[in-house]
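An overview of the molecular structure
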Amino acid sequence: MANLVKNFFSDFEDINEYYMFLVEKTKQKEYVGITNEWLIDNFYLLVEHKTNIVHDKKEITKNLKKYNRIFYCLKDIVVRNNYNISFNLLVSELRDYQKQAKIAFSYYELLCVKNILLFLYTKRLADLCHEGYRNLVNKEKVARIIESREEKEIELSNFLSENISVQEEANYIFEINNQLKEVGAKSNRLFKELNELLEEKRVSLKEIINNEYQKSIDNDILISNIFGDLKEFFEFTEEDLFKKVSKTEKLLLEDEVYAKMTIESKRLYREQLLKLSKRHHKDELTYLQELLDRADGEEYHIGFQLFPKKKNTFKVTLYILTIVIASVGISFLLSKYFIPWRWLGFILLLIPVSQLFVQIFNQILIRFVPTYPLPKLDYSKGIPDNSKTMVVIPTIVGSREKIKNMFDTLETFYLVNKTDNLYFTLLGDVTASNEEVLDLDSELATYGVEYAEKLNKKYKKDLFYFLYRKRFWNEHENSYLGYERKRGALLQFNQLLLKKMSKKEQDYWYFANTLGDFNEDIRYVITLDQDNRLVLNTALNLVGAMAHPMNHPVLNKEETKVVKGYALMQPRVSLDIEATNKSLYSQI
């Protein structure tokens, strides 16, 4: 088994060499036969598969070392079916094998199926190429003998010796028979001598001819089957095999949450199951059954046992202390060379040094400490009714143009995250002013409401909403501005969504508010800055992550702290090219 990958590359080189040989033949206008034409036309399929093998060579070699059982099972299947197996037939055969042998294929075994099939097919194709090459060599050999004896008497001994092995040289004898007609009148004598020689060896020329024709037909069918299946190998995935064949997967799919998860999240669960079962010296199916037997409650989810909560207080404390001590130490050492006033230099250096150290330290930890993606529910087909979500952009709007640009942005977010139960709000804040109300406020409030209505009419749905806050005196800023700026805007916005703000309070806080009659039960809010981008399906992925039971926030008894799960979730943030040049800070 360990040599399968090595043998694959060796077989591929043989096939590639024969392919180049055939290409040269066709360039010389020589007919190479149907079997060889199949190879010429479909060789690219094998090249594509080889590229995948090269990319995953290390992982494939690792997985193949232990799994003789699945190899011999697949070999039996392809041979019995003459290398013509559809996905449904493969599934049926693997199920039957599990049932008859009373076994359960592991995830690792099923993960190897496509590669093992490829290795088996490549080996058989290489054998066909070796046979084809010998046949073409025999054809050329007979033709050369006939051509060299054009002016001389041709004897059967020029082609055959008396001690020839008929079984091994059947194709060569077949070619002699095919080309004897080129000899002309002398062919009758040569035919007679050939038949006499074969009769002495108790072999019929007719039988050889029939066998060779039948072999040619069989090879045409075989190579057609091989390349047909090589095409189909691109069509099914490991996920399809797991779902249809794996007994472990079937058991996991009985968990309603697992069944709704993304492929990446399911893969995370499987890897953890394999890791734990290995640690407990049990096969994955037995270990999973034990976990399920210990389950209690109707809303039980297997993830809580696969990923039990761990106390990370010590690790968190160690992480913070490392950052603090290193940042203070480095800043103090560098301050000596920074400016004459060392303590001032220390203070000035502390923040940038700590930021730089955090980035470097995090990169080191990423390399040595395993990280796990958060499990997600698969909302790629749309957000369900129980996870209705509002996307909001809180920003200061000081002009009609700003309102239009922000709504155009929200419209773009809708188009790349098109789904039911996803709504969009422009949460407009006022500019700071010495006056509580400006003439422009009424104009902006009206324009924002009208633009939201225009978008809703365009898409024939109530999707877009507009809020425009009022000003209140701020002693600290010595001016009129929105209450507590962004923080206050979002707190009040959530009060609106939770229907905890009366009509009177809404009129008190807002110049414009199209959420007054909004009756949807919003469960999640996605908050964006004006320069953020909600790219393709990002909203669906974010909501899918928040909706997963293992990510649900759990409060302490006092309901003052999240002790498990997440109340807030922030995806990876990166800057686009334009944003990096907008300020000196972003350039740094």
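Anything mentioned here points back to the structure above.
So, here is what we can say about the structure in this document. All values derive from a computational prediction rather than experimental measurement. (Residues numbered from 1 in each chain as written. Predicted model: local features only at pLDDT ≥ 70, side-chain atom pairs only at ≥ 80, totals over all residues. Heavy atoms only, no water.)

In this section: the overall build of the protein. Of regular secondary structure, the protein possesses 24 helices and 9 strands. For the protein, whose C-alpha radius of gyration is 37 Å, the value lies well above the compact-globule estimate of 25 Å for 588 residues. Judged by the C-alpha coordinates and their principal axes, the protein covers about 120 × 65 × 55 Å. Put simply, 72% of the contacts in the protein that link residues at least 6 apart link residues at least 24 apart. On the protein, roughly 35800 Å² of surface is accessible, and the fraction owed to carbon and sulfur atoms is 52%. Between the averaged position of the 83 positive side-chain charges in the protein and that of its 84 negative side-chain charges there is a distance of 6 Å. (Helix = DSSP H or I, 4+ residues; strand = E, 2+ residues; numbered from the N terminus. Rg over C-alpha atoms; globule rule 2.2 N^0.38 Å. Contact = heavy atoms within 4.5 Å. Areas by Shrake-Rupley, 256 points an atom, 1.4 Å probe, with all protein chains shown as cover. Lys, Arg positive; Asp, Glu negative; His and termini not counted. Charge placed at Lys NZ, Arg CZ, Asp CG, Glu CD.)

The next thing to look at is the packing of helix α8 (residues 170-179) against helix α10 (residues 205-232). α10 packs onto α8 with a crossing angle of 105 degrees between their chain directions and a minimal axis gap of 9 Å. When the axis of α8 is compared with that of α10, the two are roughly perpendicular. Contact residues: Ala-170, Asn-171, Ile-173, Phe-174, Asn-177 and Asn-178 in α8; Leu-205, Ile-208, Ile-209, Glu-212 and Tyr-213 in α10. Residues that form the contact of α8 with α10 fall into these classes: 7 nonpolar, 3 polar and 1 charged. (Axes fitted to C-alpha atoms, helices over the stretch in contact; angles between N-to-C directions. Parallel < 35°, antiparallel > 145°, perpendicular 65-115°, else oblique. Nonpolar A, V, L, I, M, F, W, Y, C, P; charged D, E, K, R; others polar.)

What the rule picks out here adds up to 23 salt bridges. Taking the shortest distance from any N to any O, the salt bridge between Glu-93 and Arg-80 comes out at 2.9 Å. Of the two residues, Glu-93 is situated in helix α5 (residues 87-101) and Arg-80 in helix α4 (residues 68-80); the sequence distance between them amounts to 13 residues. The exposure class assigned to Glu-93 is buried, which follows from its relative accessible area of 14%. (Salt bridge = Lys/Arg side-chain N within 4 Å of Asp/Glu carboxyl O. Buried < 20%, exposed > 50% of the residue type's maximum accessible area, 1.4 Å probe, protein only.)

On the surface, Arg-95, Lys-243, Lys-244, Lys-247, Lys-250 and Lys-381 cluster together to form a positively charged patch. For the positive patch, the secondary-structure elements that each account for two or more residues are α11 (238-245) and α12 (247-252). For Lys-244, the position within the fold is in helix α11. What makes Lys-244 partly exposed here is its relative accessible area of 40%. (Patch = residues over 30% accessible without salt bridge, like charges linked within 9 Å, V, L, I, M, F, W, Y side chains within 5 Å.)

This part covers the packing of aromatic side chains. This model, assessed by the stated rule, comprises 38 aromatic pairs. Taking the centre distance of 6.3 Å and the plane angle of 40 degrees together, the rings of Tyr-459 and Phe-464 count as tilted. Look at Tyr-465 and Phe-518: their rings are 5.1 Å apart centre to centre, the planes differ by 75 degrees, and that puts the pair in the edge-to-face class. Of the two residues, Tyr-465 is situated in strand β3 (residues 464-469) and Phe-518 in the loop between β6 (510-513) and β7 (524-527); the sequence distance between them amounts to 53 residues. Among the aromatic residues, those joined into a ring-pair cluster are Phe-407, Tyr-447, Tyr-451, Phe-466, Tyr-468 and Phe-511. It is Lys-114 that lies over the ring of Phe-236; its NZ or CZ is 5.3 Å from the centre. Directly above the ring of Tyr-451 sits Lys-454, whose terminal nitrogen or CZ lies 4.1 Å from the centroid. (Phe/Tyr/Trp six-rings, centres within 6.5 Å; stacked < 30°, edge-to-face > 60°. Lys NZ or Arg CZ within 6 Å of the ring centre and 35° of its normal.)

The next point concerns the sheet that holds β7. The strand order across the open sheet built from 5 strands is β6-β3-β2-β1-β7, with neighbouring strands paired in mixed fashion. Either end of the sheet is taken by a strand with one partner, and the two such strands are β6 and β7. Neighbour-to-neighbour, the strand axes of this sheet turn through a mean angle of 20 degrees, independent of strand direction. Bridge analysis of strand β2 (residues 422-429) against β3 gives 5 bridges, and the strand direction is parallel. From the neighbouring strand, Gly-428 faces β3, where its bridge partner is Tyr-468. Here helix α21 (residues 485-497) sits on the sheet in contact with β1 (389-396), β2, β3, β6 and β7, set at roughly 150 degrees to β1. (Pairing = 2+ DSSP bridges.)

What follows concerns the nonpolar core. Counting residues in each nonpolar core, the largest one holds 126 residues, and the members touching the most others are Leu-39, Leu-74, Leu-94 and Phe-407. Residue contacts for Leu-94: discarding those within four places in its chain leaves Ile-70, Cys-73, Leu-74, Ile-77, Phe-105, Leu-241 and Val-245. Listed in part, the 23 residues of the second largest apolar core include Ile-154, Leu-160, Leu-180 and Ile-208. (Core = buried A, V, L, I, M, F, W, Y, C linked by side-chain atoms within 4.5 Å.)

Our next topic: a nonpolar patch on the surface. Together, Leu-356, Ile-360, Ile-364, Phe-368 and Val-369 make up a nonpolar patch on the protein surface, roughly 520 Å² of accessible area in all. Position of Ile-360 relative to the elements: it lies in helix α18 (residues 342-368). Judged by relative accessible area, Ile-360 falls into the partly exposed class, the value being 45%.

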